[in-house]
Amino acid sequence: MEIQALLFDVDGTLADTEEAHRHAFNEAFVRVGLDWHWDQALYRELLKVAGGKERILSYAARYRPDDEMFVAERLRDVHGFKTESYTALVAVGAVTLRPGVARLIAEARSAGLKLGIATTTSLPNVIALLRSTLRRSPDDLFDVIAAGDMVARKKPWPDIYKLALGELGLPASSCIAFEDSRNGVLAARRAGLATVVTPSTYTSDEDFDDVLCVLSDFGEPKRPYHHIGGAGADDGFVTVASLRRWATDNVPEDMIGHAVQTV
Ligand code: XBP
Ligand code: MG
């Protein structure tokens, strides 16, 4: 397998962002006069629904049916205020990149690989995060940014990954996806992508199967990752060379490039 591109999820993979999202949701609820408050335990459950707008509607339907009509009518406002709060938090440095992310992105660029983003989060959130953490315009670093409402069906549907692959003009068999959640892994695998998983704070209790490996993070030369499963037991940090080796050694031919039909 000749790797030509790396496709990164954002929330939980590039950075552990969901606490900032959770605070932003709660600030938005106050701004519109809703007496909602999502604590960490509840948010862990609500994160099973990808997409902030979808998460708000799902919460109202399940827990606050009296607020359903109000929320449906004001959804764009509520989510708009939330995105405003989140991007402001990111802009003041509330979120930092996970270990090894900046190093791997730089190394992959130098090696001539294409880079893509495939995320459920809204595009303004991606731009704010990359500007704040990498001090670069996203377009300088990434050949494609597939985000949020660019597709109708969000993760665990594969649509956002298929959009990114189409924009890159590459087959899934020559790309690797990086994810933190079960929803994200399902989306990547259904798009036919070999996947590296680095669970985040809110997904550490989730199960991951049919992936290249599960690591605590991408590691650094002087700060090795914790190996959890699959390839990479002896590497310590993710490099372009190690990805090439893992993809060749560990992915059975029948797994690469074929969507995993589990929808
Ligand atoms: C994570 C998500 C997003 C964020 C909130 O996206 O599911 O919905 O929780 O962002 P990913 P929005 O892991 O695919 O990056 O409110 O903009 O949806
Ligand atoms: Mg994620």
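All values reported here derive from a predicted model rather than from experimental measurement.

Conventions we followed
Residues numbered from 1 in each chain as written. Chains lettered and ligands numbered in written order. Predicted model: local features only at pLDDT ≥ 70, side-chain atom pairs only at ≥ 80, totals over all residues. Heavy atoms only, no water. Near = heavy atom within 4 Å. Polar contact = N/O pair within 3.5 Å; in protein donor to acceptor, adjacent residues only side chain to side chain. Areas by Shrake-Rupley, 256 points an atom, 1.4 Å probe, with all protein chains shown as cover. Helix = DSSP H or I, 4+ residues; strand = E, 2+ residues; numbered from the N terminus. Nonpolar A, V, L, I, M, F, W, Y, C, P; charged D, E, K, R; others polar. Phe/Tyr/Trp six-rings, centres within 6.5 Å; stacked < 30°, edge-to-face > 60°. Buried < 20%, exposed > 50% of the residue type's maximum accessible area, 1.4 Å probe, protein only. Lys NZ or Arg CZ within 6 Å of the ring centre and 35° of its normal. Contact = heavy atoms within 4.5 Å. Donors = N, O, S within 2.8 Å, 3.2 Å for Na, K, Ca; no water. 1 Å grid on protein atoms, 1.4 Å probe; cavity = no way out; pocket = protein on both sides within 12 Å on 5 of 7 lines; lining within 4 Å. Points joined across faces, edges and corners; volume = space filled by probe spheres on them. Axes fitted to C-alpha atoms, helices over the stretch in contact; angles between N-to-C directions. Parallel < 35°, antiparallel > 145°, perpendicular 65-115°, else oblique. Left-handed = near helix turned anticlockwise from the far one by under 90°.

Engineer: Explanation requested: the site of ligand 1 in the structure shown.
Structural biologist: Around ligand 1, the surrounding shell holds 20 residues, and the nearest of these are E18, G52, H79, T119 and S122. Contact between ligand 1 and T119: an oxygen atom at 2.5 Å from a side-chain N or O atom of the residue. Within the side chain of T121, one N or O atom sits 2.9 Å away from an oxygen atom of ligand 1. Burial of ligand 1 by the surrounding chains reaches 95%, relative to a free accessible area of 440 Å². Contributions of two or more residues to the shell around ligand 1 are made by helix 1 (18-31), helix 3 (52-63) and helix 4 (68-91). At three residues, helix 1 tops the list of elements feeding residues into the shell around ligand 1. Taken together, the residues of the shell around ligand 1 break down into five nonpolar, nine polar and six charged.

Engineer: Explanation requested: the packing of aromatic side chains in the structure shown.
Structural biologist: Working definition: an aromatic ring pair is given by the centre-to-centre distance plus the angle between the planes. Taken as a whole, this structure holds 13 aromatic pairs when the rule is applied. Between the aromatic rings of F29 and W38, the centroid separation amounts to 4.9 Å while the plane-to-plane angle is 70 degrees, which identifies the pairing as edge-to-face. Of the two residues, F29 and W38, neither departs from the other in class, the shared state being buried. Cluster of aromatic residues (ring-pair linked, three or more members): F25, F29, W36, W38, Y43, Y59, Y63 and Y202. Note that K82 overlies the ring of Y86, its terminal NZ or CZ placed 5.2 Å from the centroid. Here R153 stacks its cationic end above the ring of W157, 3.8 Å away from the centre of that ring.

Engineer: Explanation requested: the environment of G12 in the structure shown.
Structural biologist: Looking at where G12 falls in the secondary structure, it is placed in the loop between strand 1 (5-8) and helix 1. Along the primary structure G12 and G80 are separated by 68 residues, whereas in three dimensions their C-alpha atoms are 21 Å apart. Residues within four places of G12 in sequence aside, it is in contact with T17, R98, D180, T198 and S200.

Engineer: Quick question: what am I supposed to make of the coordination of the magnesium ion (ligand 2) here?
Structural biologist: A metal bound by six donors in octahedral fashion has ideal angles of 90 or 180 degrees, whereas one bound by four tetrahedral donors has an ideal angle of 109.5 degrees. Distances from the magnesium ion (ligand 2) to its protein donors, namely D9 (OD), D11 (O) and D180 (OD), fall within the range 2.1 to 2.3 Å. One chain supplies every donor to the magnesium ion (ligand 2), and in sequence these donors are spaced D-x1-D-x168-D. Here D180 lies in the loop between strand 4 (175-179) and helix 9 (182-190) and D9 lies in the loop between strand 1 and helix 1, a separation of 171 residues in the sequence. Accessibility expressed as a relative area gives 4% for D9, which makes it buried. Take D180: its relative accessible area is 5%, and that puts it in the buried class.

Engineer: Mind showing me how you'd approach empty space enclosed by the protein here?
Structural biologist: Over the atoms rolls a probe the size of a water molecule, and its path tells where empty space is left. What the rule picks out here adds up to one cavity of 30 Å³ or more. As a volume, the largest cavity reaches approximately 390 Å³. Lining the largest cavity we find 33 residues, and of these D11, E18, L47, R55 and T120 sit closest to its centre. Within the residue set of the lining of the largest cavity, elements represented by two or more residues are helix 1, helix 3, helix 4 and helix 9. When the residues that make up the lining of the largest cavity are grouped by side-chain class, the tally is five nonpolar, 15 polar and 13 charged.

Engineer: How do you make sense of the packing of helix 1 against helix 3 when you look at a structure like this?
Structural biologist: What describes two packed helices is the angle between their axes and the distance between those same axes. Close contact between helix 1 and helix 3 brings their axes to 12 Å; oriented N to C, the two are set at 60 degrees. By the angle class used here, helix 1 and helix 3 are oblique. Crossing of helix 1 over helix 3 shows right-handed handedness. Contacts between helix 1 and helix 3 involve E18, F25 and F29 from the first element and G52, R55 and I56 from the second. Looking at the contact of helix 1 with helix 3, its residues break down into three nonpolar, one polar and two charged.

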